[in-house]
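# Examination of the molecular architecture
Spelled out, the chains give:
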Amino acid sequence: MTFDYDLFVIGGGSGGVRAARIAASEHGARVGLAEESRMGGTCVIRGCVPKKLMIFASQAEAHAAEARGYGWQTAGAGAFDWTMFRHKLDAELTRLEGAYTGGLAAANVDIHKQRARLADAHTVELADGQRLTAKHILIAAGGRPALPGIEGEELGLISDDLFLLEDLPGRVLVVGGGFIACEFATILQGLGCQTTLSYRGDAVLRGFDGEMRRHATEQLRMIGVDLRLESNPVRLAAEGEARRVDFADGSSEVFDAVIFATGRAPYTKGLGLEQAGVKLGRKGEIVVDEWSQSSVPSIYAVGDVTDRVNLTPVAIREGHSFADTVFGAKPRKVDHGLVASAVYTRPHELATVGLTEEEAAARGPALIYVASFRPMRSLFAGSDARAAMKLIVDAETDRVLGCHIFGPEAGEMIQMVAIPMGMGATKADFDAAIAVHPTLAEELVTMRKPTRRIGDDNSDKADASA
Ligand code: NDP
């Protein structure tokens, strides 16, 4: 049977674009790609990129305060022009969108600017009714914000909306305690909004190292966010343009805007997956094997739609590996075991790679090295903000199992730490590196004595998992 394409990709985000480009330009495949929205996907259009630019924008007042601490006679950062910023942001996203489209066009990928769904194992149907066949189909449709399921939730905003606001809200409630909630609360507070964060747990960023979570939680308070822990909204109602929020504890309050950052779900609805026989998991994710192949052999999936590790660089790696495996005769799997990540809160970011202290304790004996200190730059300017670094080391093999950094530019540092950790570095390897002085990162190679030992109750598990 002849097909219109060797590969048809549904979704023009990080994973789909990479797979399409590599399959076409490096392996000579005939590729078509459908994208219903702007090319670039969540990361470029309504995620990582605009978010990080907003983080930069939101730091002006803090930088002015620091400058005053160094002797500059400046009253503050001045007034923030949201309209100017937003237009500039949109122009930048348009530029990036163009770069993505241009990259695909240069690789001879056919772009279909419309929604596509599966018709069968080798056929996609476009929104205009056109049917196209392909030997392989890759679903890279990403994820969508998930709402908590409370009364009046449609009156709230989701993360996508933040980048499109005409005006910044005066009083804003952010709901959730994950990546997005913490980053958005940091941004909105920094841009001058009176920001409240409502989170149902007792410390933000569940899943991260417990000690680091406490630092991140404390920092939100320190920068002025009204942090409500063990708090949950149960109802939203409109009061003119404003929103009245009833909380589970019986309290009620009015905000100009409510933003739900209560997780994301795989965007698989309406894609025709079930009819084509593609197996879905409990959250609607496409179930794939280590090669990103679904239960239907001709259909593959990468990125958030598979709900493995929901991060852009992981989707990119999955897309690239898929293209090399299927079209380049270069079988490549993705190791999801040691993926570094960073939460871009400010002034300190939280970055992590490997096991948390809690995970290590459950695994077996480990030595914990912790350095907690006030960085010289902010200390001199008069800030009490504390940074912290933690190494988790296997007590028997000396291998570094986890690294957690809470500090300025922690994301930049963790990227470098991920390299030796991926190579199996030991604490002795870290110690062998001579410090770069004076830096924050030197703490990672100068922690001589363990702060504590953990996990002795679980020594048998360490043997089993070694
Ligand atoms: P997360 O899964 O990180 O956090 C969701 C938060 O919402 C949690 O605090 C969760 O609480 C809370 N929550 C979930 N359901 C409810 C509910 N029904 N009522 C009240 N609270 C609820 O999701 P995000 O939306 O923050 O981010 C989605 C994903 O996007 C992340 O997992 C990450 O993979 C990616 N991302 C990565 C970034 C980065 O790399 N810097 C930045 C932004 C996003 P609980 O913890 O108690 O379950």
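Heads up: the structure comes first, above all this text.
Cut-off values and rules
Residues numbered from 1 in each chain as written. Predicted model: local features only at pLDDT ≥ 70, side-chain atom pairs only at ≥ 80, totals over all residues. Heavy atoms only, no water. Helix = DSSP H or I, 4+ residues; strand = E, 2+ residues; numbered from the N terminus. Rg over C-alpha atoms; globule rule 2.2 N^0.38 Å. Buried < 20%, exposed > 50% of the residue type's maximum accessible area, 1.4 Å probe, protein only. Near = heavy atom within 4 Å. Polar contact = N/O pair within 3.5 Å; in protein donor to acceptor, adjacent residues only side chain to side chain. Areas by Shrake-Rupley, 256 points an atom, 1.4 Å probe, with all protein chains shown as cover. Pairing = 2+ DSSP bridges. Axes fitted to C-alpha atoms, helices over the stretch in contact; angles between N-to-C directions. Contact = heavy atoms within 4.5 Å. Core = buried A, V, L, I, M, F, W, Y, C linked by side-chain atoms within 4.5 Å. Parallel < 35°, antiparallel > 145°, perpendicular 65-115°, else oblique. Left-handed = near helix turned anticlockwise from the far one by under 90°. Nonpolar A, V, L, I, M, F, W, Y, C, P; charged D, E, K, R; others polar. Salt bridge = Lys/Arg side-chain N within 4 Å of Asp/Glu carboxyl O. 1 Å grid on protein atoms, 1.4 Å probe; cavity = no way out; pocket = protein on both sides within 12 Å on 5 of 7 lines; lining within 4 Å. Points joined across faces, edges and corners; volume = space filled by probe spheres on them.

### Focus: the overall build of the protein chain
Looking only at helices and strands, one finds 15 helices and 23 strands in the protein chain. For the protein chain, whose C-alpha radius of gyration is 24 Å, the value lies close to the compact-globule estimate of 23 Å for 466 residues. For the C-alpha atoms alone, the extent of the protein chain along its principal axes is close to 70 × 60 × 45 Å. Taking all 466 residues of the protein chain together, the buried fraction comes to 49%.

### Some remarks on the site of the ligand
Contacts to the ligand come from 20 residues, most closely from I180, R200, R206, N310 and A342. In this structure, an oxygen atom belonging to the ligand sits 2.7 Å away from a main-chain N or O atom of N310. Against a free-state accessible area of 900 Å², the protein chains account for coverage of 77% of the ligand. A total of three residues in the shell around the ligand trace back to one element, the largest contributor, which is helix α7 (residues 179-190).

### As for the sheet that holds strand β12 (residues 233-239)
A sheet is described by the order of its strands in space; here three strands give the open sequence β12-β13-β14, paired in antiparallel fashion. Of all strands in the sheet, those with a lone pairing partner are β12 and β14 (252-255), marking the two edges. Geometrically, the sheet is characterised by an average inter-axis angle of 25° between neighbouring strands, direction not taken into account. Summarising the sheet, strand β13 (residues 242-247) and β14 pair through four bridges and their orientation is antiparallel. Looking across to β14, one finds that D246 is bridged to S252.

### Considering the side chain of Q114
With respect to the secondary-structure elements, Q114 resides in the loop between β3 (110-112) and β4 (116-120). Not counting residues up to four positions away in its chain, the partners in contact with Q114 are A34, E35, E36, L126, A127 and D128.

### A closer look at the sheet that holds strand β18 (residues 341-343)
The strands making up a sheet associate through hydrogen bonds between their backbones, and the pairing can be parallel or antiparallel. Judged by pairing direction, the sheet is antiparallel, and its six strands sit side by side in the order β18-β19-β22-β21-β20-β23 without closing on themselves. Strand pairing shows two members of the sheet lacking a second neighbour, β18 and β23 (452-454), which therefore form its edges. Each neighbouring strand pair of the sheet contributes to a mean axis angle of 15°, computed without reference to strand direction. This element, helix α13 (residues 410-422), spans β18, β19 (349-354), β21 (387-394) and β22 (400-407) of the sheet and lies at about 10° to β19.

### Quick notes on unusual backbone geometry
Between R346 and P347 the backbone carries a cis peptide bond, its omega angle lying at 5°. With respect to the helices, strands and loops of the structure, P347 is situated in the loop between β18 and β19. Residue P438 follows H437 across a cis peptide bond; omega there is -10°. Inspection of the secondary structure puts P438 in the loop between α14 (427-432) and β23. With a phi close to 65°, L205 is a non-glycine residue in the positive phi region. Turning to its location among the elements, L205 is positioned in the loop between β10 (194-199) and α8 (210-222). L205 sits in the buried class, given a relative accessible area of 1%. For S292, which is not glycine, the phi dihedral falls at a positive 70°. Mapped onto the elements of the fold, S292 is located in the loop between α9 (273-276) and β17 (299-301).

### A look at the nonpolar core
L197, L391 and C403 are the most contacted members of the largest nonpolar core, which has 61 residues in total. The contact partners of C403, leaving out residues within four places of it in the chain, are A351, T352, V353, K390, L391, I414, V417, M421 and L444. One finds L132, A276, V278 and V296 within the second-largest nonpolar core, a separate group that totals 23 residues.

### Details of the packing of helix α1 (residues 14-26) against helix α5 (residues 82-106)
Viewed as axis vectors pointing N to C, α1 and α5 meet at an angle of 25°, and their least axial separation amounts to 9 Å. In terms of their interaxial angle, α1 and α5 are classed as roughly parallel. The interaxial crossing formed by α1 with α5 has left-handed handedness. Contacts from V17, A20 and R21 of α1 reach α5 at Y100, G103 and L104. Counted by class, the contact of α1 with α5 contains four nonpolar, one polar and one charged residues.

### Considerations on the pattern of salt bridges
Here the structure, examined in full by the defined rule, presents 32 salt bridges. A salt bridge links E183 to K51; the shortest N-O distance between them is 2.7 Å. Residue E183 is found in helix α7, and its partner K51 is found in helix α3 (residues 48-57); the two are separated by 132 residues along the sequence. We note that E183, like K51, is buried. For E211, the salt bridge is made with K390, and the minimal N-O distance between the two is 2.7 Å. Taken as a pair, E211 in helix α8 and K390 in strand β21 lie far apart in primary sequence, 179 residues in all. Across the pair, K390 and E211 agree in class, each one buried.

### Structural notes on the layout of surface pockets
The calculated volume of the second largest pocket comes to roughly 1000 Å³. Around the second largest pocket, the lining is made up of 32 residues, and of these E66, P347, H348, R377 and S378 lie nearest the centre. Looking at the lining of the second largest pocket, the elements that each hand over two or more residues are α4 (60-69), α7 and α12 (376-380). Sort the elements by how many residues they give to the lining of the second largest pocket and α4 lands first, with five residues. Of the residues that constitute the lining of the second largest pocket, the class distribution is 14 nonpolar, eleven polar and seven charged.

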